[in-house]
Amino acid sequence: LLYTIKFEGGMNRSLQHAGHDHPPHQLNEKEQKWLEEQETWRKEHEGHDVMHAEMLLILFGALFVSQILLILWKQKHARSYNVVSLTGLWVIPFLVSCYHGYWRFVGVWVLFTIVTSYVIKLARCKPLGGKTPRLVYKWFQFTYNASYGFGIMSYIIMMCVLFGLHLLFVESPEPFVDLCIVLFFYGGYFGVLGRDLSELCAEEMASTIGYYEKDSISSRSLEENICAVCGQSTASAKDASDAEPAYKLSCGHVFHDYCIRGWCIVGKKQTCPYCKEKVDLQRLFSAPWEKPHMLYGRLLDWIRYLIVWHPAIIIISQGINDYLGLK
């Protein structure tokens, strides 16, 4: 795309100089090579319009059928679906990066894996430490905020490129576009992975504390002024001015503000941890600057599908094309 922009820009400049004394734009070696490759590709695929239409129909058909199968799989066997999705999300980008030699990503992935593995180990300890839930949520909240920040930065950089502000520094937009892509990928990937892992840790910790059951209401009675997420008292949070504030849901149960936000945003839960009553997220996140966090969370859920399942669908459709002899 960047080469096309360069080439078209050069052709436009040549047309502008037509009839004037200025020499026309001369293509450099890279642009000339790209044009030759495009001409070769055009000659190879000349007259393949019907075949390309069939390949496009196969791709759309694969996307449609796979989406139905994934929804049915998630509804009937949610546990296996989540395990396969999380495993693919965690391992596939690492293997692809090792194969292509993307060592910067490999280094960041290894560092993230080491720290997150330690956090998961803390979340699975029994008995659970009193400060462990807060520590776990802090780590995943940090990864989520970093992901959100990278996404905002990539958007700002892309807007600057579109408005031509990169010309203040360099003539070519390629370095800024590359930086934009890298920031968006790192933010999206680690944001999705962190949210999926935090969901597992949230369920594990809440089940260990005893106030949460995944498929039913807990048999343990929730004492007054006890946070069902971390198991600690919320009375001090309500009485002390310098302590963390408490938040009361519409069902009447009280939680630490940090705990319930981590449970809903990072842990992807929309029900009360104790009684399963639906949480009014619009009321919980009423501040205007908190609305984008909810939208960004939905975007991360879509990125998971793009990273894990979309490549598999492309491979399947390509296999069908090869079997049918379509090129």
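Residues numbered from 1 in each chain as written. Predicted model: local features only at pLDDT ≥ 70, side-chain atom pairs only at ≥ 80, totals over all residues. Heavy atoms only, no water.

### Regarding the overall build of the chain
Looking only at helices and strands, one finds 11 helices and two strands in the chain. In the chain, the succession of α and β elements from N to C terminus is α-α-α-α-α-α-α-α-β-β-α-α-α. In the chain, 62% of the contacts between residues at least 6 apart in sequence involve partners at least 24 apart. Total accessible area on the chain is roughly 20100 Å²; 64% of this is exposed by carbon and sulfur atoms. (Helix = DSSP H or I, 4+ residues; strand = E, 2+ residues; numbered from the N terminus. Contact = heavy atoms within 4.5 Å. Areas by Shrake-Rupley, 256 points an atom, 1.4 Å probe, with all protein chains shown as cover.)

### Describing the layout of surface pockets
In this structure, the second largest pocket spans a volume of roughly 340 Å³. If you go around the second largest pocket, you meet 14 residues; those closest to its centre are Val96, Ser97, Tyr102, Phe105 and Phe185. Looking at the lining of the second largest pocket, the elements with two or more residues in it are helix H4 (78–100), helix H5 (103–123), helix H7 (174–209) and helix H11 (291–324). Split by residue class, the lining of the second largest pocket holds 12 nonpolar, one polar and one charged. (1 Å grid on protein atoms, 1.4 Å probe; cavity = no way out; pocket = protein on both sides within 12 Å on 5 of 7 lines; lining within 4 Å. Points joined across faces, edges and corners; volume = space filled by probe spheres on them. Nonpolar A, V, L, I, M, F, W, Y, C, P; charged D, E, K, R; others polar.)

### Side note on the packing of aromatic side chains
Working definition: an aromatic ring pair is given by the centre-to-centre distance plus the angle between the planes. Tallied over the entire structure, the rule returns 14 aromatic pairs. Both rings, one in Phe169 and one in Phe176, keep their centres 6.1 Å apart while their planes meet at 45°; by these two values the pair is tilted. An aromatic cluster is present here, built from Phe105, Phe112, Trp139, Phe142, Phe185, Tyr186, Tyr189 and Phe190 joined pairwise through their rings. (Phe/Tyr/Trp six-rings, centres within 6.5 Å; stacked < 30°, edge-to-face > 60°.)

### Topic: a nonpolar patch on the surface
On the surface, Leu162, Phe163, Leu165, Leu168, Phe169 and Val170 cluster together into a nonpolar patch covering about 720 Å² of accessible area. For Leu162, the location among the structural elements is in helix H6 (residues 132–162). Classification of Leu162 as exposed rests on a relative accessible area of 60%. (Patch = residues over 30% accessible without salt bridge, like charges linked within 9 Å, V, L, I, M, F, W, Y side chains within 5 Å. Salt bridge = Lys/Arg side-chain N within 4 Å of Asp/Glu carboxyl O. Buried < 20%, exposed > 50% of the residue type's maximum accessible area, 1.4 Å probe, protein only.)

### What to know about the nonpolar core
One finds Tyr189, Leu193, Leu197, Phe255 and Trp263 to be the most contacted residues of the largest nonpolar core, which totals 49 residues. When contributions to this core are tallied by element, the ones reaching two or more residues are H4, H5, H6, H7, helix H9 (257–266) and H11. Take this core: its biggest share by element is 11 residues, from H7. In contact with Phe255, not counting residues within four places along its chain, are Cys227, Ala228, Val229, Thr234, Pro245, Ala246, Tyr247, Leu249, Ile260, Cys272 and Pro273. (Core = buried A, V, L, I, M, F, W, Y, C linked by side-chain atoms within 4.5 Å.)

### Quick notes on the environment of Gly188
Tracing the backbone shows Gly188 in helix H7. With 41 residues separating them in the primary sequence, Gly188 and Ser147 have C-alpha atoms 6.3 Å apart.

### Things to note about H5
For H5, built from 21 residues, the straight-helix expectation of 30 Å at 1.5 Å per residue is met to within 8% by its first-to-last C-alpha distance of 30 Å. Of all the positions in H5, only Phe105, Val106, Trp109, Phe112, Thr113, Thr116, Val119, Ile120, Leu122 and Ala123 are classed as buried. Each element contacted by the buried residues of H5 is listed here: H4, H6 and H7. (Expected span 1.5 Å × (residues − 1).)

### Overview of the packing of H4 against H7
Running from amino to carboxyl end, H4 crosses H7 at an angle of 140°, the nearest separation of the two axes being 10 Å. The two elements H4 and H7 meet at a crossing, and its hand is left-handed. Contact residues: H4 offers Leu86, Leu89, Trp90 and Pro93, while H7 offers Tyr189, Val192, Leu193, Asp196, Leu197 and Leu200. (Axes fitted to C-alpha atoms, helices over the stretch in contact; angles between N-to-C directions. Left-handed = near helix turned anticlockwise from the far one by under 90°.)

### So, the packing of H6 against H7
Between H6 and H7, the least distance of the axes is 8 Å, while the angle of their chain directions is 160°. Accordingly, the angle class assigned to the pair H6 and H7 is roughly antiparallel. The handedness of the crossing between H6 and H7 is left-handed. Counted by class, the contact of H6 with H7 contains 22 nonpolar, nine polar and one charged residues. (Parallel < 35°, antiparallel > 145°, perpendicular 65-115°, else oblique.)

### Overview of the confidence of the model for the chain
Taken over all residues, the pLDDT of the chain has a mean of 77, while the share at 70 or more is 76%. Within the chain, no element has a lower average pLDDT than helix H1 (residues 2–16), which sits at 44, and none a higher one than H5, at 93. Segment residues 237–242 is flagged for pLDDT under 50; beyond a separation of four residues in sequence, or across chains, it makes seven contacts in the model. (pLDDT = per-residue confidence, 0-100.)

### Focus on the side chain of Asn321
Summarising the element assignment, Asn321 is placed in helix H11. According to the relative accessible area criterion, Asn321 is buried, its value standing at 4%. Among all residues touching Asn321, those that are not within four sequence positions of it are Met55, Ile58 and Leu326.

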